[in-house]
Amino acid sequence: MLNRCLDIIISLVGLLILLLMLPVVAVLIKWDSSGPVFYGGWRVGKDGKLFKMFKFRTMYATPKSLEMSVSPQGDPRVTPMGRWLRRLKLNEFPQFYNILKGDMTLVGPRPETPDMAEKYPPEARKIFSVKPGLVGPNQILGRNEGELYPRGIDATKFYLEEILPKKLPVDLHYVESKSFFKDLKYLFLGTWVTLTGAISRQHLTDNLTQILMLAADTVGCLVSFTLAHFIRFEGFPPDQITQCFYYLLPLTVLTRIPVIFYLGGYQTLIRYFGLKDLQKVFQGVLLGSLLLVIFGYFSGILIPGYGRGVFIIDWLCLTVMLLGYRVFLKTLHQWYMKEEGNGEPERVALIWGSGEEGLWCVRYLTQSRNPSYYVIGFIDDEVRLHHKRLDGFMVLGDHHHLEVLVRLYHVQELFVAMPQVPQGRLERVQELCQHLNVTLLRFLPRTVQEISPHAPVTEQAGEPSFSIV
């Protein structure tokens with residue numbers, strides 16, 4: 001009885017928060033990719049009864065299921081917005097509806113999909129004698145379960161053979177020793193882990209460059225607006241004008257950084273910073289500056305004496321700062337290391353390899369005189385490059401994600417843009433491409449030829465050409 005009262009009270013609070021953030025999250029999800037805002041999937045509830053569990057949609061909507069109940073780290077089915085919803089656990093908020101309805105409870109074993117539940121050993125089916133929960137002991141022990149999957153393995157097999165055998169004893173122990181006060185402890189610990197586990201050490205390491213760029217842009221916003229105010233008013237007079245400055249200063253960050261982030265301004269490695277990335281940063285600063293002015297006027301923060309010139313000077317200064325240091329770092333990297341899609345697309349292409357050959361390949365395929373390809377992005381076996389943008393194109397995963405990417409984007413041709421491929425890897429990808437009816441092409445400088453068991457790769461002089469066998 002106490003548990004049910006707690007479920008109702010907290011679920012009502014959770015649904016109130018859900019209603020408040022729903023307009024923003026819904027717009028971001030729909031803007032990010034086509035499909036519904038919510039995802040409803042069947043789960044096994046108490047006594048084996050099926051119920052539909054709701055979440056915010058975090059994967060690309062496809063007309064046909066891609067047949068995988070688990071989602072390992074780097075899953076290419078997950079949208080860019082979906083990765084952040086999962087990282088912050090915001091995608092779980094619609095489950096408060098399931099809790100209020102009575103299908104779930106606040107604390108309990110996490111709900112399992114029917115196909116996975118069928119594989120539970122008989123002694124573990126006791127887990128289904130209680131309601132599944134929003135927070136459970138296994139969630140506390142392994143908040144980011146997707147990071148446990150090694151790359152290149154069968155995710156479903158790994159879950160059944162490695163992860164599930166470790167989860168079942170924990171859930172069984174909870175069911176056998178369940179109590180109200182223990183649920184309170186798990187509720188507190190689950191909330192704490194959710195808040196503190198959003199950023200892992202691996203996440204920081206893989207995105208260090210982007211984090212430093214975000215920090216530099218934050219400082220740039222503060223410095224730019226301070227400089228603009230100083231130039232316009234020749235200092236900081238001790239009156240309402242300076243007070244207005246202090247109110248507006250934090251807003252200069254809150255209105256610019258999220259816009260630049262959403263436009264993809266932090267998804268590119270600085271050494272691959274190109275014209276498309278420059279446009280994103282420029283648009284982000286412009287839209288953010290407009291939001292700052294609009295919010296300042298409608299919120300009543302701006303006073304009549306606060307001149308418009310401050311915002312114009314700030315916009316000019318910030319644009320020069322953010323674009324300037326990126327171009328400078330790109331030029332510096334080029335100097336140190338010595339280091340260009342129009343037309344109607346006809347064939348959907350994916351590029352394997354994001355080095356110099358990969359960039360050469362994408363620029364050739366997307367230039368105006370060769371409008372035959374629609375390039376969806378890269379795959380690369382270097383993990384730190386995943387979800388980064390190279391010359392405006394995203395690294396969508398590695399060669400282990402090829403089958404999902406082919407089905408998701410209807411890829412027709414895969415270009416191998418690497419001088420060398422590890423022994424055995426090319427053969428495995430070749431077999432998979434034959435199974436998926438994808439043309440596999442080798443792309444080297446001035447060389448493009450279909451890879452087949454009966455056609456060795458040859459070099460041809462002049463422009464790259466296509467040889468279909």
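All values derive from a computational prediction rather than experimental measurement.

## Section: the environment of glutamine 430
- Locating glutamine 430 in the fold gives a position in helix H16 (residues 425-436).
- In this structure, the C-alpha to C-alpha distance between glutamine 430 and leucine 441, residues 11 residues apart in sequence, is 9.8 Å.

## Here we look at helix H1 (residues 2-32)
- Along H1, the sharpest change in direction is near 50 degrees and occurs at leucine 22; proline proline 23 comes one to four residues later.
- Within H1 the residues assigned to the buried category are Asp7, Ser11, Gly14, Leu15, Leu18, Met21, Val25, Ala26 and Ile29.

## Things to note about the pattern of salt bridges
- All chains considered together, the criterion is met by 11 salt bridges.
- Here arginine 326 ties to aspartate 217 by a salt bridge, and the two come within 2.7 Å at their closest N and O atoms. Of this pair, arginine 326 sits in helix H13 (residues 309-337) while aspartate 217 sits in helix H9 (residues 208-233), placing them 109 residues apart in sequence.
- For the salt bridge of arginine 407 with glutamate 403, the shortest nitrogen-to-oxygen distance reads 2.8 Å. Taken as a pair, arginine 407 and glutamate 403 lie in helix H15 (residues 402-409) at a separation of 4 residues, close to a single helical turn.
- Look at the salt bridges and you will find they share partners, linking Lys55, Glu92 and Arg110 into a network.

## Here's the deal with empty space enclosed by the protein
- Roughly 80 Å³ of internal volume is contained in the largest cavity.
- Around the largest cavity, the lining comprises 13 residues; the ones closest to its centre are Pro109, Arg110, Ile127, Phe128 and Pro132.
- Residues that form the lining of the largest cavity fall into these classes: 8 nonpolar, 1 polar and 4 charged.

## With respect to the pairing of strand E5 (residues 347-352)
- Among the 6 residues that make up E5, 5 are buried, leaving the element largely enclosed by the rest of the structure.
- In the sheet, E5 pairs with strand E6 (residues 373-379) via 6 bridges, with the strands oriented parallel. If you follow tryptophan 352 over to E6, its bridge partner there is isoleucine 379.
- Sheet analysis places E5 next to strand E9 (residues 413-416), joined by 4 bridges and oriented parallel. Note on E9: the bridge partner recorded for alanine 349 is glutamate 413.

## A few points about the packing of aromatic side chains
- Inspection of the entire model under this criterion finds 16 aromatic pairs.
- Centroid distance phenylalanine 38 to phenylalanine 56: 5.3 Å. Interplanar angle 15 degrees. Geometry classified as stacked. Of this pair, phenylalanine 38 sits in strand E1 (residues 38-44) while phenylalanine 56 is found in strand E2 (residues 50-56), placing the two residues 18 residues apart along the sequence.
- Overall, phenylalanine 38 belongs to the partly exposed group, its relative accessible area being 35%.
- Residue classification places phenylalanine 56 among the buried positions, given a relative accessible area of 2%.
- One aromatic cluster in this structure is built from Phe225, Phe230, Phe236, Phe245, Tyr246 and Phe311.
- The cationic tip of lysine 185 hangs over the ring face of tyrosine 186; the distance from NZ or CZ to the ring centre is 5.3 Å.

## Let's talk about the confidence of the model for the protein chain
- A residue-level look at the protein chain finds 84% of positions with pLDDT of 70 or above and a mean pLDDT of 81.
- Counting contacts from residues 452-463, a segment whose pLDDT is below 50, to residues more than four positions away or on other chains yields 21 contacts.
- Scored below 50 in pLDDT, residues 465-469 shows 16 contacts in the model against residues more than four places distant or in partner chains.

Cut-off values and rules
- Residues numbered from 1 in each chain as written.
- Predicted model: local features only at pLDDT ≥ 70, side-chain atom pairs only at ≥ 80, totals over all residues.
- Heavy atoms only, no water.
- Helix = DSSP H or I, 4+ residues; strand = E, 2+ residues; numbered from the N terminus.
- Bend = angle between axes of the 7 residues up to and from the residue.
- Buried < 20%, exposed > 50% of the residue type's maximum accessible area, 1.4 Å probe, protein only.
- Salt bridge = Lys/Arg side-chain N within 4 Å of Asp/Glu carboxyl O.
- 1 Å grid on protein atoms, 1.4 Å probe; cavity = no way out; pocket = protein on both sides within 12 Å on 5 of 7 lines; lining within 4 Å.
- Points joined across faces, edges and corners; volume = space filled by probe spheres on them.
- Nonpolar A, V, L, I, M, F, W, Y, C, P; charged D, E, K, R; others polar.
- Pairing = 2+ DSSP bridges.
- Phe/Tyr/Trp six-rings, centres within 6.5 Å; stacked < 30°, edge-to-face > 60°.
- Lys NZ or Arg CZ within 6 Å of the ring centre and 35° of its normal.
- pLDDT = per-residue confidence, 0-100.
- Contact = heavy atoms within 4.5 Å.

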